[in-house]
Amino acid sequence: MRLAKVITITGIVQGVGFRPFVYNLAREQGLGGWVRNDTAGVTLWVEGPSPALAVFERTLATGAPVQAVVFEIAARAVEPRGLEEFEIRKSAEQADQFVPISPEVATCADCVRELFDPADRRYRYSFINCTNCGPRFTIVEDIPYDRPLTTMAPFAMCAQCRAEYDDPGNRRFHAQPNACPVCGPRLELLDQSGNPVPCADVVGAVIERLRQGRIVAIKGLGGYHLACDAQNDKAVKTLRARKFREHKPFALMVADVQAARALGDVDPAGEALLSGTVRPIVLLRRRPDAPVSEAVAPGQMDLGVMLPYTPLHHVLLAEAGMILVMTSGNISDEPIAFRDDEALRRLNGLADYFLVHDRRIHIRTDDSVVRVVADKPLVLRRSRGYAPHPLILPFEFKAPILACGAELKNTFCLTRKRFAFLSHHIGDLENLETIEAFEQGIAHFQRIFNTTPACLAHDHHPEYLATKYALARDDIPRIGVQHHHAHIVGCMGENNVTAPVIGVAFDGTGYGDDGHIWGGEFLVCDDRDYRRAAHLQYVPLPGGAKAIKEPWRMAAVYLHKVFGDGMWDLPLAFVRDLDRARWRLIARMIQQQVNTPQTSSAGRLFDAVSALTGICREAFYEGQAAVELEMAAGDDDRVYEFDSRSEAGKTVVLPDAVIEGIVADLIEGESRGVIAARFHNTVAALIASQCDQLRRETGITTVALSGGCFQNMRLTRRVLALLTANGFSVLTHRHVPPNDGGLSLGQAIVANRRLDTSILNS
Ligand SMILES: [Zn+2]
Ligand SMILES: [Zn+2]
Ligand SMILES: [Zn+2]
């Protein structure tokens, strides 16, 4: 029997090879009809024998191209028209021009095969791509996503490439960056002054220099990497010295999963991440015999490892047979360099050579960073390969909202209908370059998503530059959102939850409604309002930001809080080493309340314990003391005691007994490993106990965990285990970072709920 159907597919189905997929599927099944893009997404007419049609529909639902995100497939039966041929029709007029742009996709298996086939016309060609892979977001300048509006515009396709581009049966049909050695971008090697180095084979010449221990800046998809031989101790140390990056670990790139296994433990989830279509930096538990220089990641328990994701990486890694350091091309905290002139200027003195090419990068994106927690990926830095993929929410935003995010690890978020476009990682908004990247990023998102925000959401912290940006734009309504509420709502949003939850927001720093610095917070909240139900007890933060860089200050604060001047009699290495004169100055600061905010930060409690146990007294990057404390933790199941008391309708959690327990253990000569383990157990236990109490008070049985502390695997696993065993349903982050990189999503959702749309029309 012959049937006909009209099928509408909504979702991210344009610019991802969906029409050729439909076209080929229909032809395989001998069906007639047509397919076209329109405002809904993709609409198609298909007709033919009923069994073939059934196969078609089944495959349509399950076999969509990797980059497509299908929301809904709606089919209705129609009268057959006797169409025998299947064709791709021109796009229908789009009243509301809007096509979600795909992120970058790692080189696909078909392209890799061609890349290494000596008979292929793209053999070893660094810019091979197809509709299933290649650059996207980083080359798009404007919409619609069409070659003239990308940085591929200067390259006119040769006849062969053109023919592929025009052929609906070809893997390169409408692949906008399609290119070959005849017509496409080319590599070039430059010396450190920017002069071309003549060489017949650029990749070969680069490998030779890497083998000699040289540092080469390599232009990638979203910016420059600095590369060197990871096994060459001298080269790695030189790079570290040049980058002024004493402690931050360097990322590594290896040829394949097998090579990654030599560096760290790769479980199935890790393997899927390493070899998938995104190819982020995956944090692997380092093997003791990992064959790389100690200087790659001094004192770290993890190594950040990624696999090749561009054709250039594939050729480089396959032919070099090396483990490469591939760290972002910048000096310490500046953003990664991505424009050629800028790279030459800013990386001057860092790189001995530059491997460049003539395809411009339009927007800077860093490598994403992911770790596996409880067998599932947890995105810690959401950037290349993820952005600008939207999160799809269970509701429509009332109006387009721009949420400006936090100060550190900034991302912003632009909304449109059910989409929340969480930006790529912008960085710490602490210098001019990053502010520029923030503003350019916003302008770019507004352009490519054809959206002008009707409302701004921002943090309450008056000193955040993102807040200042929002407050300076007085043309539209602005809605301030409390930091930890935004954390929790971001986690709810990612999990499609809008009903009230118990929110546990543990992080380093967030501006509280009472003007103090919060960070060990238990909220009872929904996606509009919150109540601060419990928090860690306030302690002074002497010197503000200085105390964050010097964890020993927090250890001294806690010791003094618990033992008073008796702390000087404690037989502890920490006390022995403490500079009494410096402490007296700090004690005076605290007493006179000079530059000493009050804080309930969980991050600072981790700092204190890290310093007290002699693990990290001074931090050179954000969170170092806590990271090293987690790393030190061994096996032990004991828990320190802790107390709480009621204060003005809130529960205040008192860590004094925890500090006493740790001091007693130190005096007993207990190892750091045991103490660190017990401390983690204790934090997990006090979280579980507060959640229990709040469930009794409110009847709420769902807990959302957010904030930078939940990057700590040990803590997260333990909290998850305790809460689940206690019958809670627990929401955690997966696709959105638990750190401040996820804040803008929560801000957008809260602002949406609070937005009074009547003021928009006035
Ligand atoms: Zn491909
Ligand atoms: Zn060509
Ligand atoms: Zn935070």
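Residues numbered from 1 in each chain as written. Chains lettered and ligands numbered in written order. Predicted model: local features only at pLDDT ≥ 70, side-chain atom pairs only at ≥ 80, totals over all residues. Heavy atoms only, no water.

In this section: the overall build of the chain. Secondary structure summary: the chain contains 24 helices and 30 strands in total. Against the 2.2 N^0.38 benchmark of 27 Å for 762 residues, the chain shows a C-alpha radius of gyration of 28 Å, consistent with a compact globule. Its C-alpha atoms give the chain principal-axis dimensions of roughly 90 × 65 × 50 Å. The buried share among the 762 residues of the chain stands at 59%. One finds the centroid of the 83 positive side-chain charges in the chain at a distance of 1 Å from the centroid of its 91 negative side-chain charges. (Helix = DSSP H or I, 4+ residues; strand = E, 2+ residues; numbered from the N terminus. Rg over C-alpha atoms; globule rule 2.2 N^0.38 Å. Buried < 20%, exposed > 50% of the residue type's maximum accessible area, 1.4 Å probe, protein only. Lys, Arg positive; Asp, Glu negative; His and termini not counted. Charge placed at Lys NZ, Arg CZ, Asp CG, Glu CD.)

Attention now moves to the coordination of the zinc ion (ligand 2). Distances from the zinc ion (ligand 2) to its protein donors, C158 (SG), C161 (SG), C180 (SG) and C183 (SG), fall within 2.2 to 2.3 Å. Its four donor atoms give the zinc ion (ligand 2) angles of 105 to 117 degrees at the centre, a pattern that matches the tetrahedral case. Each donor residue of the zinc ion (ligand 2) belongs to the same chain, and together they define the spacing C-x2-C-x18-C-x2-C. Of this pair, C158 sits in the loop between helix 3 (109–115) and helix 4 (159–166) while C183 sits in the loop between helix 4 and strand 6 (187–191); the two residues are 25 residues apart in sequence, bridging distant segments of the chain. We classify C158 as buried; its relative accessible area is 16%. Under the relative-accessibility criterion, C183 is labelled buried at 11%. (Donors = N, O, S within 2.8 Å, 3.2 Å for Na, K, Ca; no water. Tetrahedral: all angles 85-135°; square planar, octahedral: opposite > 155°, others 65-115°.)

So, about the sheet that holds strand 7 (residues 216–219). Hydrogen bonding along the main chain pairs the strands of a sheet, whether they run parallel or antiparallel. Spatial ordering of the open sheet is given by 6-13-7-8-12-9-11-10-14-15, a layout of 10 strands whose pairing is mixed. Each edge of the sheet is formed by a strand with only one pairing partner; in this case those strands are strand 6 and strand 15 (376–381). Between one strand and the next, the sheet's axes are offset by a mean angle of 35 degrees, whatever the strand orientation. (Pairing = 2+ DSSP bridges. Axes fitted to C-alpha atoms, helices over the stretch in contact; angles between N-to-C directions.)

Two aromatic rings, taken as a pair, are described by how far apart their centres are and by the angle between their planes. One pass over the structure, following the stated rule, counts 15 aromatic pairs. Between the aromatic rings of F606 and F679, the centroid separation amounts to 4.9 Å while the plane-to-plane angle is 80 degrees, which identifies the pairing as edge-to-face. Here F606 is found in helix 18 (residues 602–612), whereas its partner F679 is found in helix 21 (residues 672–698), with 73 residues between them in sequence. A residue is classified by how much of its surface remains accessible, and F606, at 3% relative accessible area, is buried. Judged by its relative accessible area of 1%, F679 is buried. Above the plane of the ring of Y353 lies R209, whose end atom (NZ or CZ) is 4.9 Å from the centre. Sitting over the face of the ring of F728, R695 holds its NZ or CZ atom 3.8 Å from the ring centroid. (Phe/Tyr/Trp six-rings, centres within 6.5 Å; stacked < 30°, edge-to-face > 60°. Lys NZ or Arg CZ within 6 Å of the ring centre and 35° of its normal.)

Next up on the list: helix 18. Buried residues dominate helix 18, accounting for 11 of its 11 residues. Within helix 18, burial applies to A602, G603, R604, L605, F606, D607, A608, V609, S610, A611 and L612. Two or three places before G603, at the opening of helix 18, S601 has a side-chain oxygen 3.1 Å from that residue's backbone nitrogen. Two residues or fewer after helix 18 comes G614, characterised by a positive phi angle close to 80 degrees. (Polar contact = N/O pair within 3.5 Å; in protein donor to acceptor, adjacent residues only side chain to side chain.)

Turning our attention to the sheet that holds strand 20 (residues 455–459). As summarised here, the arrangement of the six strands in space is 16-19-18-17-20-21, forming an open sheet in which the pairing is mixed. Both edges of this open sheet fall to strand 16 (391–392) and strand 21 (478–481), since each of them pairs with a single strand only. The sheet strands contacting helix 12 (residues 465–472) are strand 17 (401–403), strand 20 and strand 21, and the helix crosses strand 20 at an angle near 150 degrees. (Contact = heavy atoms within 4.5 Å.)

All right, on to helix 1 (residues 18–28) then. Of all 11 residues in helix 1, eight are buried; the element is thus mostly enclosed. Where helix 1 is buried, its residues meet strand 1 (2–12), strand 2 (32–38), strand 3 (41–49), helix 2 (50–62), strand 4 (69–78) and strand 5 (86–88). Phi turns positive, to about 65 degrees, at G30, one or two residues after helix 1.

Before going further, it helps to spend a moment on the nonpolar core. Counting 67 residues, the largest nonpolar core has V504, F506, L559, F574, L612, F679 and I687 as the members making the most contacts within it. Broken down by element, this core gets its largest block of residues, 11 residues, from helix 21. Leave out the neighbours within four places in its chain, and L559 touches G564, M567, L570, L572, F574, V575, L612, I659 and V663. (Core = buried A, V, L, I, M, F, W, Y, C linked by side-chain atoms within 4.5 Å.)

In short, geometric facts, not functional conclusions.
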